[in-house]
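Close look at the chain arrangement
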Amino acid sequence: MGDKKQQTRPKRIFINDVDRYSSKHIAKFLSTSRVAEEEEEEEEASPRREPAFQIVGTVSPSTKDGKDNFLLEQYPSPTRDELLERLLECDVVVYNISESARQQQIEEATWAITALNAEMENFKSRKMFILVSSVMTWAMTKPPNLEETDVLLSEEEFRRRRPHPNFRTHNNVENLVLKLRRGKKFKLTGYVVACGLQYFFKVSWLMQFPKVPLFGQGTNHIPMIHVNDLGGVIQNIVALKPKSKYILAVDDSKNTLEDIVKRISVTLGSGKMNKVPEQDAIATKAFTPDELDYLNIDLRLDAFIIKDSFRLRWTSEAGMVENMASIAEEYKDTRQLLPIRIFLVGPPAVGKTTIAEKLCSHYQIHHINIKEVIEEKMAQLKEIVNEADPDIDSEEVATAAQKQLEQFNNSMEMNAGRLADHLVFDILREKLNSKPCRNQGFVLDGFPKSYEQAKLIFSDEETENQVVMPKKPVYNEQITPEHIFVLNATDNFLTNRAQRLPQSVAEKMRCTQEELVPRLTRYRQLSTAEQTLLDYFDELEILLEHFEVTTGDSEYTDVMKKITEMVGIPKNCGLSPEEQEEEDRKKDEERKQKLAADAAEKKRRNEAALAEMAARYEEWQRDLSEVERQEYELLEAHSLPLRNYLMKHVMPSLTEAMLDCCKIKPEDPVDFLAEHLLRNNQQQ
């Protein structure tokens with residue numbers, strides 16, 4: 001009975017850096033997991049068991065106040081003594097050094113295992129140390145037979161592993177854990193988990209290139225693992241206490257980098273790749289040198305322990321390529337990568353294009369200028385027809401492109417160089433439905449211009465064909481803007497602004513006097529029609545925000561500030577290393593400014609308190625002087641009658657006695673004075 005209670009007691013698990021992506025998701029997984037049962041039936045019979053683990057961990061100083069609900073406790077920047085005290089309270093200590101090669105992280109893990117080993121004799125119960133390392137410590141390992149390139153490496157060969165030059169310190173920490181002795185009298189058990197790369201999307205997600213770049217040849221095999229499966233490996237180690245000290249944590253895929261990038265491109269982008277030299281990855285800031293080290297690894301690993309001995313509920317056993325669709329959705333949900341869809345409306349020359357470009361740069365979304373979209377589509381069709389695109393190998397695709405291109409050319413011939421409206425709408429809908437626009441979002445720059453155009457572009461055709469008519473217009477939520485910003489300005493302001501433009505710029509922007517006036521007239525007519533563009537979005541109950549442009553500020557500072565406040569913070573893949581460094585710098589500067597402000601405020605309060613004390617002391621001194629003066633005057637007043645009496649009745653006799661004493665010079669002057677005064681008094 002006592003053993004059963006002991007088994008059900010939640011284990012306290014420490015995880016370092018629980019505010020970083022990998023450690024955070026491991027902690028979240030363990031907080032909701034249960035120790036593996038002996039029987040599956042027991043698990044089904046008790047679905048509401050208490051959590052098996054209590055999670056505690058360290059966080060960085062910049063972490064906001066408050067802790068995640070999966071954490072029991074968090075420790076921001078503890079000292080070594082404080083941290084050791086917390087580690088000794090835990091049953092399991094997990095140190096994750098797989099995310100980066102930061103020297104501070106390596107040193108802390110080394111210190112932790114050394115300090116715990118030194119304190120082992122004082123342990124009240126057995127403890128477990130799990131080091132989550134990286135397969136980069138196997139990066140330079142060669143197969144036993146160099147001629148057999150397809151041989152898989154397994155945990156049994158961990159003593160042969162050779163680390164990447166940048167991961168030698170990781171290897172040293174692994175060896176330190178592996179040296180922990182086992183036996184009944186040794187209360188600290190150590191395990192090393194060499195995990196595969198955790199799934200990456202950032203370059204493909206941001207879609208900064210028409211084709212997803214593949215840096216290098218892409219023939220290298222990359223061992224990978226889903227972060228939840230990594231959490232499952234740690235859970236099984238805690239529950240099963242395997243005999244092997246070294247465990248590989250990789251999924252069952254044997255994909256090359258090219259396989260992975262191609263599937264990412266198909267799922268998130270255009271489906272096209274572009275092989276570029278590795279040095280371009282750093283030049284374009286697509287990857288840091290450390291990230292390229294991970295992508296250059298070439299290993300085929302067989303994790304037989306987790307396949308044969310562990311009871312993992314795999315999230316992605318087949319790997320990233322086979323589960324790309326679900327992993328991409330999970331990626332978006334986890335990072336809250338919500339698309340931002342903006343529509344800028346306003347008269348010509350009001351600044352829509354400038355603001356659109358700034359918003360696209362700020363939110364890393366796509367600028368939709370109808371003229372550029374049409375030109376891009378025409379160029380794509382010509383590239384396919386001319387067989388300039390190596391990714392297109394289907395005759396059907398080329399034939400369809402040829403037919404569509406001829407349709408466009410015929411339409412332009414019949415409409416004086418302009419495409420028919422229905423073709424423009426088709427091209428725009430195709431662009432808005434593209435994966436980059438649906439994943440990241442877009443800024444529509446001034447098009448559509450009328451109620452009918454908006455209805456034809458954004459309406460949901462499938463819902464419209466239903467028999468029952470809805471209460472409000474139906475629309476395609478995936479491509480319809482969620483933020484409508486209307487820029488307003490007077491005709492005089494706009495014409496004056498256009499007149500100040502250089503002739504070449506005005507011609508390029510179609511803002512010459514001959515072109516601007518008709519465009520303004522057309523815009524005003526559409527704005528006063530029976531059904532306007534803005535009426536369409538009103539019917540959809542999408543909020544319209546109006547801004548008056550009244551200044552010549554070319555940066556549109558006020559407008560940008562208001563729009564970004566309304567839209568909110570960027571929701572894309574996160575900050576680049578440079579942006580993150582700048583953000584950290586700003587936070588550090590803000591922290592220093594706050595500390596300086598607090599110190600200045602403390603100094604001001606101290607000075608104010610001292611000044612108040614000095615003022616009170618000075619006032620007390622003045623009061624004391626006044627009291628002394630009054631006492632002196634009172635004493636003077638009280639002594640006046642006595643002084644008068646002495647001057648009248650005593651001093652004359654005493655003066656005479658003193659003079660006689662001086663003349664006679666008796667042997668005893670005191671007796672002489674006394675007898676003289678007594679005699680004089682009797683005579684009187």
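In this text, all values refer to a predicted model and were calculated from it rather than measured experimentally.

**Looking at the sheet that holds strand S14 (residues 441-445)**
Pairing is parallel across the open sheet formed by five strands, whose spatial order is S13-S14-S12-S15-S16. Edge strands, defined here as strands with exactly one partner in the open sheet, are strand S13 (366-368) and strand S16 (544-548). Shown here is a sheet whose adjacent strand axes are inclined to one another by a mean of 20°, direction ignored. Pairing analysis gives five bridges linking strand S15 (residues 483-488) to S16, with the strands arranged parallel. Note on S16: the bridge partner recorded for Val486 is His546.

**Looking at the pattern of salt bridges**
Any two side chains of opposite charge can pair, given that their charged atoms come close. Counting across every chain of the model gives 23 salt bridges. The residue Lys431 makes a salt bridge to Glu376 at a minimum N-O spacing of 3.4 Å. On the criterion of sequence distance, the pair formed by Lys431 in helix H17 (residues 421-432) and Glu376 in helix H15 (residues 370-385) is long-range, its members being 55 residues apart. For the salt bridge of Arg643 with Glu636, the shortest nitrogen-to-oxygen distance reads 3.7 Å. Here the salt bridges share partners, and the residues they tie into one network are Arg12, Glu73, Glu85, Arg86 and Glu89.

**Remarks on the side chain of Ser134**
With respect to the helices and strands, the residue Ser134 is situated in strand S5 (residues 127-134). Taking relative accessible area as the criterion, Ser134 reaches 2% and is therefore assigned buried. Contact partners of Ser134, with chain neighbours within four places excluded, come to Ser98, Glu174, Ala194, Cys195 and Tyr294.

**Observations concerning unusual backbone geometry**
Glycine aside, a negative phi is what most residues show, and trans is what most peptide bonds show. Across the junction of Phe447 and Pro448, the peptide omega takes the value 10°, indicating a cis bond. Even without being glycine, Arg510 reaches a positive phi, approximately 55°. On the secondary structure map, Arg510 appears in the loop between helix H22 (503-508) and helix H23 (513-527). Residue class for Arg510 comes out partly exposed when judged on its relative accessible area of 44%. Positive phi, normally seen in glycine, also occurs at Lys665, with a value near 60°. If you trace the backbone, Lys665 turns up in the loop between helix H26 (577-664) and helix H27 (669-683).

**A word on empty space enclosed by the protein**
This structure, assessed with the given rule, holds three cavities of 30 Å³ or more. Looking at the second largest cavity, its volume works out to about 60 Å³. Lining the second largest cavity, in full, are Val250, Asp251, Asp252, Lys254, Leu301, Asp302, Ala303, Ile306, Lys307, Trp314 and Glu317. Those elements giving two or more residues to the lining of the second largest cavity turn out to be strand S11 (301-302) and helix H12 (304-308). Here the lining of the second largest cavity is built from residues that sort into five nonpolar, no polar and six charged.

**Quick word on the sheet that holds strand S1 (residues 11-15)**
Read from one edge of the open sheet, seven strands run S3-S2-S1-S4-S5-S7-S9, paired in parallel fashion. The sheet is open, and its two borders are formed by strand S3 (73-76) and strand S9 (246-249), each paired with just one other strand. In this sheet, adjacent strand axes meet at a mean angle of 20° when their direction is disregarded. Its contacts with the sheet put helix H6 (residues 168-178) on S5, strand S7 (188-195) and S9, and the angle it makes with S5 is roughly 155°.

**A short note on the packing of helix H2 (residues 21-32) against helix H8 (residues 227-240)**
Where H2 meets H8, the axes come as close as 9 Å, and the angle between the chain directions of the two elements is 55°. On the basis of the axis angle, H2 is oblique to H8. Relative to H8, the crossing made by H2 is right-handed. Here Tyr21, Ser22, His25, Ile26, Phe29 and Leu30 of H2 come into contact with H8, specifically with Val227, Asn228, Leu230, Gly231, Gly232, Ile234 and Gln235.

**Observations concerning the environment of Val549**
Within the secondary structure, Val549 is located in the loop between S16 and helix H25 (557-567). C-alpha separation for the pair Val549 and Ala489, spaced 60 residues apart in sequence, amounts to 5.3 Å. Discounting chain neighbours no more than four positions away, the residues touching Val549 are Val350, Leu487, Asn488, Ala489, Phe493, Arg497 and Tyr556.

**Overview of the packing of aromatic side chains**
A complete count under the given rule lists twelve aromatic pairs for this structure. With 5.7 Å between their ring centres and 40° between their planes, Phe14 and Tyr95 make a pair best called tilted. Taken together, the residues span a long stretch of sequence, with Phe14 in strand S1 and Tyr95 in strand S4 (residues 92-96) at a distance of 81 residues. Across this residue pair, the class does not change: Phe14 and Tyr95 are buried. Put simply, the rings of Phe343, Tyr451, Phe458, Tyr536 and Phe537 pair up and form one aromatic cluster.

**Overview of the packing of H15 against H17**
Their axes nearest at 10 Å, the elements H15 and H17 cross at an angle of 90°. Taken as axis vectors, H15 and H17 run roughly perpendicular relative to one another. Contacts between H15 and H17 involve Ile370, Val373, Ile374, Glu376 and Lys377 from the former and Val424, Ile427, Leu428, Glu430 and Lys431 from the latter. Residues belonging to the contact of H15 with H17 are distributed by class as follows: six nonpolar, no polar and four charged.

**Considerations on the nonpolar core**
Judged by nonpolar contacts, the single largest core of 99 residues is most densely connected at Phe129 and Ile130. If one sorts the elements of this core by residue count, helix H5 (residues 103-118) sits on top with seven residues. In terms of nonpolar packing, the next biggest core, distinct from the first, is built from 39 residues, Val345, Leu405, Phe408 and Leu419 among them.

**What about the confidence of the model for the protein?**
Should pLDDT be low for a region, the predicted coordinates there are not to be read in detail. The predicted model of the protein averages 85 in pLDDT, with 88% of residues at 70 or higher. Within the model, the stretch residues 1-6 combines pLDDT values under 50 with zero contacts to residues more than four positions away or in other chains. Across residues 35-46, where pLDDT falls below 50, the model places 15 contacts with residues more than four positions away in sequence or in other chains.

**A closer look at a nonpolar patch on the surface**
Among the surface-exposed residues, Leu642, Tyr645, Leu646, Met647, Val650 and Met651 lie close enough to one another that they form a single nonpolar patch of about 550 Å² accessible area. Mapped onto the elements of the fold, Leu642 is located in helix H26. Look at Leu642 and you get exposed, because its relative accessible area is 53%.

**A closer look at helix H4 (residues 80-88)**
Of the positions making up H4, those classed as buried are Leu83, Leu84 and Leu87. Axial view of H4: buried residues confined to an arc of 100°, hence all on one face. For H4, the elements touching its buried residues are S1, strand S2 (53-59), S4, H5 and S5.

**Thoughts on the side chain of Thr564**
Here Thr564 shows up in helix H25. Within the structure, the side chain of Thr564 is placed 3.0 Å from the backbone oxygen of Lys561, a separation counted as a polar contact. Residues within four places of Thr564 in sequence aside, it is in contact with Leu359, His362 and Tyr363.

**Some points on H2**
Compared with the 16 Å implied by 1.5 Å per residue over twelve residues, the 17 Å span of H2 between its first and last C-alpha is a close match. For H2, every residue scored as buried is listed here: Ser22, Ser23, His25, Ile26, Ala27, Leu30 and Ser31. Next to the buried residues of H2 lie S1, S2, S4, H8 and helix H13 (324-334).

Parameters and conventions
- Residues numbered from 1 in each chain as written.
- Predicted model: local features only at pLDDT ≥ 70, side-chain atom pairs only at ≥ 80, totals over all residues.
- Heavy atoms only, no water.
- Pairing = 2+ DSSP bridges.
- Helix = DSSP H or I, 4+ residues; strand = E, 2+ residues; numbered from the N terminus.
- Axes fitted to C-alpha atoms, helices over the stretch in contact; angles between N-to-C directions.
- Salt bridge = Lys/Arg side-chain N within 4 Å of Asp/Glu carboxyl O.
- Buried < 20%, exposed > 50% of the residue type's maximum accessible area, 1.4 Å probe, protein only.
- Contact = heavy atoms within 4.5 Å.
- 1 Å grid on protein atoms, 1.4 Å probe; cavity = no way out; pocket = protein on both sides within 12 Å on 5 of 7 lines; lining within 4 Å.
- Points joined across faces, edges and corners; volume = space filled by probe spheres on them.
- Nonpolar A, V, L, I, M, F, W, Y, C, P; charged D, E, K, R; others polar.
- Parallel < 35°, antiparallel > 145°, perpendicular 65-115°, else oblique.
- Left-handed = near helix turned anticlockwise from the far one by under 90°.
- Phe/Tyr/Trp six-rings, centres within 6.5 Å; stacked < 30°, edge-to-face > 60°.
- Core = buried A, V, L, I, M, F, W, Y, C linked by side-chain atoms within 4.5 Å.
- pLDDT = per-residue confidence, 0-100.
- Patch = residues over 30% accessible without salt bridge, like charges linked within 9 Å, V, L, I, M, F, W, Y side chains within 5 Å.
- Areas by Shrake-Rupley, 256 points an atom, 1.4 Å probe, with all protein chains shown as cover.
- Arc of directions from axis to C-beta.
- Polar contact = N/O pair within 3.5 Å; in protein donor to acceptor, adjacent residues only side chain to side chain.
- Expected span 1.5 Å × (residues − 1).

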